[in-house]
Number of protein chains: 2
Amino acid sequence: MYTKILLSAAIITSSLSASDLLSDAKKADLKPIPSDKKELLKLIDNPKNPITDRKIELGKKLYFDPRLSKSGFISCNSCHNLSEGGDDGIPAAIGHMWTANPHHLNSPTVYNSVFFASQFWDGRDPHLEAQAQGPMQAAPEMSATPEHVAGVVTSMPQYVADFKGAYGKDVKITFEKIADTIATFERTLVTPSAYDDFLNGKKNALTKAQKDGLRTFIDKGCVSCHNGIALGGEMNAFNITGTYKFQDVGDFKGDANGMVKVPTLRNITQTAPYFHNGQFWELKDAIKEMGRIQLGTDISDAEAASIEEFFKALEGRKDPVVLPQLPASTSTTPKPDLK
Amino acid sequence: MYTKILLSAAIITSSLSASDLLSDAKKADLKPIPSDKKELLKLIDNPKNPITDRKIELGKKLYFDPRLSKSGFISCNSCHNLSEGGDDGIPAAIGHMWTANPHHLNSPTVYNSVFFASQFWDGRDPHLEAQAQGPMQAAPEMSATPEHVAGVVTSMPQYVADFKGAYGKDVKITFEKIADTIATFERTLVTPSAYDDFLNGKKNALTKAQKDGLRTFIDKGCVSCHNGIALGGEMNAFNITGTYKFQDVGDFKGDANGMVKVPTLRNITQTAPYFHNGQFWELKDAIKEMGRIQLGTDISDAEAASIEEFFKALEGRKDPVVLPQLPASTSTTPKPDLK
């Protein structure tokens, strides 16, 4: 009897504290990926180019096609690897002719990038459609001209048929249309997690340690930048020309105001190394460093470990990706150029 | 009535000629991939390390894991791309630090490689298990030491659990065991096609043009080297130190007898460029060149086109490959080294 009362009290306390946590999370502008499919579609869709199954399938092919690069060896998936955390796991992105990113910038994850308010580390593009045009052309990435990309795609009857199927028979297969289609696929790469289940009202979706970690995450002030659906993705990040510089790693200057985009924390346990310059391999080091630079506060080892525990709840459920079968090159497909 | 008789005669003729073709194909040692699953398993299995679902799944993860390479950027799938024809579509293989294969050797397809009597262009290994050890270590490919590969795999609890699940709790996770597991996955990459359906008795599996092409293929003597299940894969190929040299492309000397392996013709429409040195982009050029060098005969444009038509019947049905989700690196995972 006594045990029973105690247990009930514990359940009530736990339940109450979960409610508090939920309410505090909402106050801190932490938002879940909606569990309702229609609501989610509204969030990720592009009204100018609505998502359809045919566009997704075609976009997936293009995403995995290394022939869009100058060398024929590098695809979107090379650096934004869907088998890893949606990135490449190396400090600075590498590309055509093994060239490292000249500013020593780390490849950001493509998963949940649809929720970012801005794309690229300097936030220069707001939309995935514009973003997708960048790496294909960048000399140290895929190093292709728009003409090469369009030339590759239009040289294969299967791709032409796919574009007609996706956009209608009068479609013009331009570089921009190709990038738009890749972006459509990327818009669907959304990974809901236990954290979302919790925010969506499933109180026991998080372990006790994860709830404690979320509490620490809120209380230490991490949420001042890592908020919204992506827990990041906006330009309210630290000023690298200010008090702190990653002086020895790259020469990245951020945007016009010296600002760097806040990265998402979703799947963060799977996307080491960390920061725009890939400086830290250990999450606890990254957490403590952010406390010091951004929040002007010491985050203890125990607090960092608690926050790291919460990050495990951000490991998302990834829809199975069936590897596309790419159409075969034809005699008019531009040849790979490895130089 | 008259029409009816004529039609029946045509059907009988067609049926008879299909039977002749089938019988001639068998005489020429052309063999189908068995349609019977058990019979197929017996052909592709390794009695020393029997295929199981768990080994296949684990092998697939390893096949797609770029962290097995020194740089963390190159996986088996980079050069033997399952989205393309099981190869990379570039003349000479490229790898660590963008190094081209020093002998200008073309990446062979992994699809149906289980049917090859020997692996590598010089046929130096008979089995996929031995083959899989090569590219991981080769300096211009994945450039990893066996210690690196084993170190990466054993650093991740999920991989360790996967190995225990596949081989039992006392498994020793060595470089050799890792290569064996990759090979197990590769053994399953078999692509039956319309050609197999025809050889297995489905007389209308091939179009008229494809049957004519098969007839040309047999009559011109291509089958003297391109035979067996793989339509190739043995060492009875041309002697590159003999009358003909690809003098300007690479310095590959073949095996001890100057011989080069006969490549498979399965999915050949998807694996340009052709020959061990990737010299030809067009199938018809490759076909005519082989006639000249190997058979000492002229193959006309019409005959080459007919053979090429037959090759379309070798485009195989590929089982859908769901992209694996790789375990996250840990603090003990060897760091990528891009130099």
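Residues numbered from 1 in each chain as written. Chains lettered and ligands numbered in written order. Predicted model: local features only at pLDDT ≥ 70, side-chain atom pairs only at ≥ 80, totals over all residues. Heavy atoms only, no water.

Enquirer: Now, about the overall build of chain A: what can you tell me, with residues and values included?
Expert: From N to C terminus, chain A includes 12 helices and 2 strands. Listed by position from the N terminus, the elements making up chain A come as α-α-α-α-β-β-α-α-α-α-α-α-α-α. On C-alpha atoms alone, chain A measures out to a radius of gyration of 22 Å, which is about the 20 Å that the 2.2 N^0.38 rule sets for 339 residues. Each principal axis of the C-alpha distribution contributes one length, and for chain A these read about 80 × 45 × 30 Å. The buried share among the 339 residues of chain A stands at 55%. If you take every contact in chain A between residues at least 6 apart in sequence, the share linking residues at least 24 apart comes to 72%. Accessible surface, chain A as shown: approximately 14,800 Å² in total, 54% of it carbon and sulfur. Positive and negative side-chain charges of chain A, numbering 38 and 41 respectively, have mean locations separated by a distance of 5 Å. (Helix = DSSP H or I, 4+ residues; strand = E, 2+ residues; numbered from the N terminus. Rg over C-alpha atoms; globule rule 2.2 N^0.38 Å. Buried < 20%, exposed > 50% of the residue type's maximum accessible area, 1.4 Å probe, protein only. Contact = heavy atoms within 4.5 Å. Areas by Shrake-Rupley, 256 points an atom, 1.4 Å probe, with all protein chains shown as cover. Lys, Arg positive; Asp, Glu negative; His and termini not counted. Charge placed at Lys NZ, Arg CZ, Asp CG, Glu CD.)

Enquirer: Give a description of the interface of chain A and chain B that names residues and reports values.
Expert: Across the contact, 40 residues belong to chain A and 40 residues belong to chain B. Both sides together, the interface formed by chain A and chain B hides about 3,300 Å², and carbon and sulfur atoms give 69% of it. Considering only the surface of chain A that becomes buried against chain B, F73(A), S83(A) and W98(A) emerge as the three largest contributors, covering 25% of it. There are 0 salt bridges connecting chain A and chain B. Where chain A meets chain B, there are 10 residue pairs in polar contact (both at pLDDT 80 or more). Here the side of chain A that touches chain B is composed, by residue class, of 22 nonpolar, 12 polar and 6 charged. (Buried area = accessible area lost by both parts, 1.4 Å probe. Salt bridge = Lys/Arg side-chain N within 4 Å of Asp/Glu carboxyl O. Polar contact = N/O pair within 3.5 Å; in protein donor to acceptor, adjacent residues only side chain to side chain. Nonpolar A, V, L, I, M, F, W, Y, C, P; charged D, E, K, R; others polar.)

Enquirer: Outline the relation of the copies chain A and chain B, listing residues and values.
Expert: Mapping chain A onto chain B calls for a rotation angle of 180° and an axial translation of 0.0 Å; the resulting RMSD is 0.0 Å. Taken together, the turn and the small shift mark the pair as related by a two-fold rotation axis. The position closest to the rotation axis in chain A is occupied by the C-alpha of V322(A), lying 2.1 Å away. Same-surface contact between copies: 100% of interface residues of chain A are shared with the interface of chain B. (Least-squares fit on C-alpha atoms with pLDDT ≥ 70 in both.)

Enquirer: Please set out unusual backbone geometry residue by residue, giving values where relevant.
Expert: Of note, the amide linkage connecting A272(A) to P273(A) takes the cis form, showing an omega dihedral of -5°. Mapped onto the elements of the fold, P273(A) is located in the loop between helix 10 (208–219) and helix 11 (283–295). Backbone geometry places L231(A), a non-glycine residue, at a positive phi of 50°. Judged by its relative accessible area of 0%, L231(A) falls in the buried class. Positive phi, normally seen in glycine, also occurs at D29(B), with a value near 65°. Assignment of secondary structure puts D29(B) in the loop between helix 1 (2–27) and helix 2 (37–44).

Enquirer: Tell me about the domain arrangement of chain A, residues and numbers included.
Expert: Interface size is commonly expressed as the accessible area that is lost once the parts come together. Residue and element names in this part refer to chain A. As far as domains go, chain A holds domain 1 (19–35 + 193–312) and domain 2 (40–187). Taken over C-alpha atoms, the centre of domain 1 sits 27 Å from the centre of domain 2. Listed per partner, the contact involves 29 residues of domain 1 and 24 residues of domain 2. Contact with domain 2 buries surface across domain 1, with F252, K261 and H276 losing the most and accounting together for 24% of the total. In this assembly, domain 1 and domain 2 are joined by 0 salt bridges. (Domains from an automatic or database assignment.)

Enquirer: Describe the packing of aromatic side chains, naming the residues involved and giving the relevant values.
Expert: All names here are of chain A. Using the criterion set out here, one finds 18 aromatic pairs over all chains in the structure. Aromatic side chains F217 and F311 sit 6.0 Å apart centroid to centroid with 80° between the ring planes, which places their arrangement in the edge-to-face category. With F217 in helix 10 and F311 in helix 12 (residues 301–312), this residue pair connects regions lying 94 residues apart in the sequence. No difference in accessibility class separates F217 from F311, as the two residues are buried. (Phe/Tyr/Trp six-rings, centres within 6.5 Å; stacked < 30°, edge-to-face > 60°.)

Enquirer: Could you give an account of the nonpolar core, with specific residues and numbers?
Expert: Counting 105 residues, the largest nonpolar core has L68(A), L82(A), I178(A), L68(B), L82(B) and I178(B) as its most contacted members. Dropping the residues within four chain positions of it, L68(A) is found in contact with L62(A), M136(A), M142(A), A144(A), H148(A), V149(A), V152(A), V153(A), I178(A) and I182(A). (Core = buried A, V, L, I, M, F, W, Y, C linked by side-chain atoms within 4.5 Å.)

Enquirer: Now, about helix 3 (residues 53–63) of chain B: what can you tell me, with residues and values included?
Expert: Residues and elements named next belong to chain B. Within helix 3, 8 of the 11 residues are buried, leaving the element largely enclosed by the surrounding structure. Buried within helix 3 we find K55, I56, L58, G59, K60, K61, L62 and Y63. On its buried face, helix 3 sits against helix 4 (76–79), helix 6 (146–154), helix 7 (157–167) and helix 8 (175–187).

Enquirer: Could you give me a rundown of the packing of helix 3 (residues 53–63) of chain A against helix 8 (residues 175–187) of chain A, with the residues and numbers involved?
Expert: Residues and elements named next belong to chain A. Contact geometry for helix 3 and helix 8: axes closest at 7 Å, N-to-C directions at 105°. Classified by the interaxial angle, the pair formed by helix 3 and helix 8 is roughly perpendicular. Counting all contacts with helix 3, which are made through K55, I56, L58, G59, K60, L62 and Y63, the residues of helix 8 involved are I178, T181, I182, T184, F185 and E186. (Axes fitted to C-alpha atoms, helices over the stretch in contact; angles between N-to-C directions. Parallel < 35°, antiparallel > 145°, perpendicular 65-115°, else oblique.)

Enquirer: Just give me the short version of the environment of G85(B), but keep the residues and values in it.
Expert: Residue and element names in this part refer to chain B. Inspection of the secondary structure assignment puts G85 in the loop between helix 4 and strand 1 (94–95). On the basis of relative accessible area, G85 is assigned to the buried category, the value being 0%. With 181 residues separating them along the chain, G85 and R266 place their C-alpha atoms 9.4 Å apart. Look past the residues within four positions of G85 in its chain and what remains in contact with it is T109, Y111, Q270 and T271.

Enquirer: Explain the pattern of salt bridges residue by residue, including any values.
Expert: Applying the stated criterion across every chain, the model contains 36 salt bridges over all chains. The shortest N-O distance in the salt bridge between K31(A) and D29(A) comes to 3.5 Å. Since its relative accessible area comes to 41%, K31(A) is described here as partly exposed. Among the salt bridges present, the one from D301(B) reaches K288(B), with a minimum N-O distance of 2.4 Å. With a gap of 13 residues between them, D301(B) in helix 12 (residues 301–312) and K288(B) in helix 11 (residues 283–295) connect regions that are remote in the sequence.

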